[in-house]
Amino acid sequence: MMAGAGMIAAGSLHANGNVEVEQLGVNNTLVRVTGSGYLMLPVQELNEDARINVLVDGKIAETIYVRLAQTKTDYVVPFDLSPYEGKNVILDVVTPQGRKSVRDAKVDVCWKGLELTDTLDLTDRETKYRPVYHHTPPYGWMNDPNGMFYKDGVWHLYYQYNPYGSKWQNMTWGHSSSEDLIHWKHEPIAIRPDGLGSIFSGSCVVDGNNTAGYGEDAVIALYTSAGVSQMQSLAHSNDDGMTFEKLPSNPILTLETEARDPNMFWNEETGEWNLVLAHALDKEMLFFTSPDLKTWTLQSGFGKGEGCQDGVWECPDLFRLPVGDTGVYKWVLLCNINPGGPFGGSATQYFIGDWDGKTFTADRDASGVIPTKWLDYGKDYYATVTWSGAPDNRRTSIGWMSNWQYAADVPTTQYRSANSLPREIFLFEGADGELYAGSAPSPELLALRSRPVVDKSNVRLGVKPQSYKLPAVNPDVCEIEFTLEAADANEVNITLTNKKGENVRMTYKPQDSTFSFDRTESGLIDFSDEFAGVTVSPTFEKEGTVSVRLYIDRSGIELFGNDGQFTQTNLVFPTEAYTTIQFASTGGNAKLKEIKIYPLSI
Ligand code: FRU
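Just so it is clear, the model here is predicted, and its values are computed rather than measured.

Thresholds, definitions, all that
Residues numbered from 1 in each chain as written. Predicted model: local features only at pLDDT ≥ 70, side-chain atom pairs only at ≥ 80, totals over all residues. Heavy atoms only, no water. Helix = DSSP H or I, 4+ residues; strand = E, 2+ residues; numbered from the N terminus. Buried < 20%, exposed > 50% of the residue type's maximum accessible area, 1.4 Å probe, protein only. Polar contact = N/O pair within 3.5 Å; in protein donor to acceptor, adjacent residues only side chain to side chain. Contact = heavy atoms within 4.5 Å. Pairing = 2+ DSSP bridges. Axes fitted to C-alpha atoms, helices over the stretch in contact; angles between N-to-C directions. Phe/Tyr/Trp six-rings, centres within 6.5 Å; stacked < 30°, edge-to-face > 60°. Lys NZ or Arg CZ within 6 Å of the ring centre and 35° of its normal. Near = heavy atom within 4 Å. Areas by Shrake-Rupley, 256 points an atom, 1.4 Å probe, with all protein chains shown as cover. Nonpolar A, V, L, I, M, F, W, Y, C, P; charged D, E, K, R; others polar.

Asks: Honestly, the side chain of threonine 567 in this entry has me stumped. Any pointers?
Replies: In this structure, threonine 567 sits in strand S42 (residues 566-571). Among the residues examined, threonine 567 registers a relative accessible area of 0% and is labelled buried. A distance of 2.8 Å separates a polar atom in the side chain of threonine 567 from a polar atom in the side chain of aspartate 376. Discounting residues that sit within four places of it in the chain, threonine 567 has contacts with Leu375, Asp376, Tyr377, Gly378, Arg423, Ser439, Leu559 and Phe560.

As structure tokens, this is what we get:
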């Protein structure tokens, strides 16, 4: 068996069938498969994609793109034969590499590596960097979380998924579910590509009034069919989102220009469905209404020339939130953008304003401008959207913990990318009198805490660093909570380090009301020129006091300041876990009002 580090292994190889390879030319090969279980496909990451038409009883059942190995196998991915049980399966493979002769083509290592197995061994082979309490796919590539809904105590999370490799391709809706937003169960793939294209991001709603005609409480998904063009398609589920049936007359919504990532919700006030669609290249959001989720009428657009315009607009979301206890409600329009983020690459910007069911009107600041605002000031927080139907009026969100600049290059193989922790979005007034959206860790996360290994208060800080040890066991899986009083200091430096001196250096500047995160010496950084760098956020206060919660999970750090009023999400790849956190102040004394370090166990 070929499995090694970073791979999915065949559980038990079984001679319950066979695989015959017939070369038809320098770049065309037929693979005849008789049997059941999984056909393991050898992948070479840096190769180009081979196009595989899966012929079932002579008809193309699906087309997948796989970087089939030419000179070496980096890992294997399983092709599930169960939908084709008892049928004649032939893979018609077109490989990309130029070959001089069929003899050359025959020696590609992928052909010998095609093996049948009846079970998969999905043991995690990348324990060094795979997060423990963040959601990750079982194997393969993941980008945007999408289609999330809550029903009957279960949080459903779908995601942009490539089951056939650890780079972007074959977009499919992967599916996970959770009863507590912490423990995620891998569910079978929910929606697969078809003749209209691959399945890009979208949203789901529970159709409580049976407006679409699929039954009360049917789950309706709208997603982008991405072929030559982008169109919006509908599918429904009568088994709570486990399997979906596509509308035979898809697509249901087409435009003459690129539009994607439909996000829909029921509008209580107008009694109809609303939909926001990213008019990606036009850098605006389009708004539609519908009585039945199938026929959509364009009402308006928002955003042309507004906010950050430095990249395509993607993955919208629109929802209403209270402004503290004032009794006032405002609408928040999430508008993910790539590139153009505050520190390069992808990021989530948002607008606050009013929505009357047809038109979004953004609030202007004191100078009459619609301000650009960012939901998270790290480099690794994108495609943020929220759960439909979350209980207790919660606005629970999740983002993709990576950045399009280097997501395909990060040093993991068996899986690529994690999602952020679930967060509750809320509105607050900053010290400048402006309204902002913050995101706090979902309360369920408190259950991860064990007894703190450090619990100190009122520690005076000065130039000499004050050090605390992270938990002795799994120091890379912990939560650190601290409050600084630093009105008299120029800056407070907070440094996470390991024995090799790799470090993350955070700096609080009370006079500027900023907090920064420097990962230039954090460990592995040279897999991409875009990775190393410093991110900075405003702290939205003027008191010289800041409280921080740091969630550390092997290869990612989420920083929540002042209960989520500012956040920074950044990946880090230390070659050994950070074991210490140090605090020092310059330009005056500061106080560590409180520090607690919690081991986390899942
Ligand atoms: C955002 C995005 C979406 C699209 C998806 C494709 O990251 O580009 O606009 O639906 O990824 O995977």
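Asks: Where do I start with the sheet that holds strand S19 (residues 260-267) in this structure?
Replies: By way of backbone hydrogen bonds, the strands of a sheet pair with one another, either parallel or antiparallel. Spatially, S19-S20-S21-S22 is the arrangement adopted by the four strands of the open sheet, whose pairing is antiparallel. The open sheet has two edge strands, S19 and strand S22 (297-302), and neither has a second partner. Each strand axis lies, on average, 25° off the axis of its neighbour in the sheet, ignoring direction. As judged from the six bridges shared by S19 and strand S20 (residues 272-279), these two strands associate in the antiparallel manner. Bridge assignment links asparagine 263 to a residue of S20, and that residue is valine 276.

Asks: Can you help me understand the packing of aromatic side chains in this one?
Replies: Two descriptors summarise a pair of aromatic rings, namely the distance from one centre to the other and the angle between the planes of the rings. Here the structure, examined in full by the defined rule, presents 37 aromatic pairs. Relative to tryptophan 387, the ring of tryptophan 155 lies with its centre 5.4 Å away and its plane at 90°, an arrangement referred to as edge-to-face. With tryptophan 155 in strand S12 (residues 154-162) and tryptophan 387 in the loop between strand S28 (382-386) and strand S29 (396-400), this residue pair connects regions lying 232 residues apart in the sequence. Taking relative accessible area as the criterion, tryptophan 155 reaches 3% and is therefore assigned buried. Ring geometry for phenylalanine 482 versus phenylalanine 583: centroids 5.0 Å apart, planes at 80°, classification edge-to-face. Residue phenylalanine 482 is found in strand S35 (residues 477-485), and its partner phenylalanine 583 is found in strand S43 (residues 580-586); the two are separated by 101 residues along the sequence. In this structure phenylalanine 482 comes out as buried when scored by relative accessible area, which is 1%. The rings of Tyr129, Tyr406, Phe527, Phe531 and Phe573 are connected pair by pair, giving a single aromatic cluster. The residue whose ring lies beneath lysine 373 is tyrosine 436, and the NZ or CZ to ring-centre distance is 4.8 Å. The positively charged end of arginine 519 is found above the aromatic ring belonging to phenylalanine 531, 3.7 Å away from the centroid.

Asks: Just checking my understanding: could you explain the site of the ligand for this structure?
Replies: Near the ligand there are 13 residues, and of these Asp144, Gln160, Arg260, Asp261 and Glu314 occur at the shortest range. Here asparagine 143 contributes a side-chain N or O atom positioned 3.0 Å from an oxygen atom of the ligand. Within the side chain of glutamate 314, a nitrogen or oxygen atom sits 2.8 Å from an oxygen atom of the ligand. Against a free-state accessible area of 320 Å², the protein chains account for coverage of 95% of the ligand. The set of elements that each furnish at least two residues to the shell around the ligand consists of strand S11 (140-151), strand S15 (198-207), S19 and strand S23 (312-322). Split by residue class, the shell around the ligand holds six nonpolar, three polar and four charged.

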